Amino acid sequence: EDQVTQSPEALRLQEGESSSLNCSYTVSGLRGLFWYRQDPGKGPEFLFTLYSAGEEKEKERLKATLTKKESFLHITAPKPEDSATYLCAVQARGATNKLIFGTGTLLAVQP
Amino acid sequence: DTGVSQDPRHKITKRGQNVTFRCDPISEHNRLYWYRQTLGQGPEFLTYFQNEAQLEKSRLLSDRFSAERPKGSFSTLEIQRTEQGDSAMYLCASSLGGSWSNTGELFFGEGSRLTVL
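Owing to the predicted nature of the structure, the values given are computational and were not obtained by experimental measurement.

J.: How would you explain the overall build of chain A if you had to name every residue and give the values?
T.: Check the secondary structure of chain A and you find zero helices and eleven strands. With the C-alpha coordinates aligned to their principal axes, the bounding extent of chain A is approximately 45 × 30 × 20 Å. Counting across all 111 residues of chain A, residues that qualify as buried make up 49%. Accessible surface, chain A as shown: approximately 5,300 Å² in total, 48% of it carbon and sulfur.

Following this line, the structure appears as structure tokens:
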């Protein structure tokens, strides 16, 4: 069964303290892996798509990387406004358009 | 605002009542999705439309749930005979896609929160 596991469940950082979030996945053929950010009471906001092992994407203080079994979201010198839940999702190959989401990592960045 | 719009934002109902949610996607988007999210969980896929055709439904979508997108624009999600377990945030998303490209880059609305008493 296709599955996504994210760790840690919650992470508290000081402003400027870099860290990484992990997304492990099991899927019957990966079409794409996606990172989303979700603020409280809002819908998820798309961040990145990764298609193949070795691929990297960057946006401001965020960098996403992909291997054959997991993805990392690296946060460099975070700011309080980076506080949110970060969701990872995968899409399997085949005739499906659904995303399978993990439970997310709740990130809190303290000033 | 040209984002995905959902209505109502909040709905409180009694068990056994029917509820309907509406989603207006980004105007040029041909793909529309419904997801459900409970507290502390990631969104769970419910159903997918390409234009007016409902092409994919989750096994989670019981017979009490029905979704439509009659003219390929807005969509409705109806839940009949609501149960307490239906309490969740119902998220609508849209995207623009031809073949399989960018099918995971979804634009989500702010959701409709359902509470069943």
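J.: Lay out the side chain of Gln37 of chain B in plain terms, naming residues and giving numbers.
T.: Positionally, Gln37 of chain B belongs in strand β4 (residues 31–37). What makes Gln37 of chain B buried here is its relative accessible area of 11%. At a separation of 2.9 Å, a polar atom in the side chain of Gln37 of chain B contacts the side chain of Gln38 of chain A. Side-chain polar atoms of Gln37 of chain B contact the backbone oxygen of Gln41 of chain B, separated by 2.9 Å.

J.: So what about the nonpolar core? Which residues, and what values?
T.: In summary, soluble globular proteins display a tendency toward joint burial of nonpolar side chains. Counting 26 residues, the largest nonpolar core has Tyr25, Leu33, Trp35, Leu73, Tyr86 and Val90 of chain A as the members making the most contacts within it. The element best represented in this core is strand β9 (residues 84–92) of chain A, accounting for five residues. Among the nonpolar cores identified, the runner-up in size contains 19 residues, and Leu32, Leu77, Leu114 and Val116 of chain B belong to it.

J.: Explain the sheet that holds strand β1 (residues 3–7) of chain A to me, using residue names and the numbers behind them.
T.: Each strand in a sheet pairs with its neighbour through backbone hydrogen bonds, running either in the same direction (parallel) or in the opposite one (antiparallel). Residues and elements named next belong to chain A. The strand order across the open sheet built from five strands is β1-β3-β8-β7-β6, with neighbouring strands paired in antiparallel fashion. Strands at the two margins of the open sheet, each flanked by one partner only, are β1 and β6 (56–59). On average, each strand axis in the sheet is inclined to that of its neighbour by 15°, with strand direction left out of account. Two elements, strand β7 (residues 62–66) and strand β8 (residues 70–75), share five bridges in a ladder whose sense is antiparallel. Of the residues in β8, the one forming a bridge with Thr65 is Phe72.

J.: Go over the sheet that holds strand β8 (residues 75–79) of chain B with me, naming the residues and quoting the values.
T.: All names here are of chain B. The strand order across the open sheet built from four strands is β1-β3-β8-β7, with neighbouring strands paired in antiparallel fashion. Either end of the sheet is taken by a strand with one partner, and the two such strands are β1 (5–7) and β7 (65–68). Ignoring which end each strand starts from, the neighbouring axes of this sheet average 15° apart. Where β7 and β8 come together, four bridges link them in antiparallel fashion. In the sheet register, Phe65 faces β8, and the bridge partner there is Ile79.

J.: Please set out the interface of chain B and chain A residue by residue, giving values where relevant.
T.: Residue-level contacts link 22 residues of chain B with 22 residues of chain A. Counting the surface lost from both chain B and chain A, the interface buries some 1,700 Å², and carbon and sulfur atoms represent 52% of this. Where chain B meets chain A, there are one salt bridge. With a closest N to O distance of 3.8 Å, Glu110 of chain B and Lys42 of chain A form a salt bridge. Between the two partners, chain B and chain A, sit eight residue pairs in polar contact (both at pLDDT 80 or more). At the level of secondary structure, the elements contributing two or more residues to the side of chain B that touches chain A comprise β4 and β5 (44–50) of chain B. Among the elements that line the side of chain B that touches chain A, the one with the most residues is β4 of chain B, at four residues. For the side of chain B that touches chain A, the residue count by class is nine nonpolar, eight polar and five charged.

J.: Describe the state of the cysteines, naming the residues involved and giving the relevant values.
T.: Counting across every chain of the model gives two disulfides over all chains. The partner cysteine of Cys23 of chain A in its disulfide is Cys88 of chain A, sulfur to sulfur 2.0 Å. One quick way to see it: the torsion about the S-S bond of Cys23 of chain A and Cys88 of chain A is about -65°, and its sign makes the bridge left-handed. In this pair, Cys23 of chain A is assigned in strand β3 (residues 19–26) and Cys88 of chain A in strand β9, connecting sequence segments 65 residues apart. Neither residue differs from the other here; Cys23 of chain A and Cys88 of chain A are each classed as buried. Across a sulfur-sulfur distance of 1.9 Å, Cys23 of chain B and Cys92 of chain B are joined as a disulfide pair. The sign of the -70° torsion about the S-S bond sets the Cys23 of chain B-Cys92 of chain B disulfide as left-handed. Residue Cys23 of chain B is found in strand β3 (residues 19–24), and its partner Cys92 of chain B is found in strand β9 (residues 88–95); the two are separated by 69 residues along the sequence.

What counts and how
- Residues numbered from 1 in each chain as written.
- Chains lettered and ligands numbered in written order.
- Predicted model: local features only at pLDDT ≥ 70, side-chain atom pairs only at ≥ 80, totals over all residues.
- Heavy atoms only, no water.
- Helix = DSSP H or I, 4+ residues; strand = E, 2+ residues; numbered from the N terminus.
- Buried < 20%, exposed > 50% of the residue type's maximum accessible area, 1.4 Å probe, protein only.
- Areas by Shrake-Rupley, 256 points an atom, 1.4 Å probe, with all protein chains shown as cover.
- Polar contact = N/O pair within 3.5 Å; in protein donor to acceptor, adjacent residues only side chain to side chain.
- Core = buried A, V, L, I, M, F, W, Y, C linked by side-chain atoms within 4.5 Å.
- Pairing = 2+ DSSP bridges.
- Axes fitted to C-alpha atoms, helices over the stretch in contact; angles between N-to-C directions.
- Contact = heavy atoms within 4.5 Å.
- Buried area = accessible area lost by both parts, 1.4 Å probe.
- Salt bridge = Lys/Arg side-chain N within 4 Å of Asp/Glu carboxyl O.
- Nonpolar A, V, L, I, M, F, W, Y, C, P; charged D, E, K, R; others polar.
- Disulfide = S-S within 2.5 Å.

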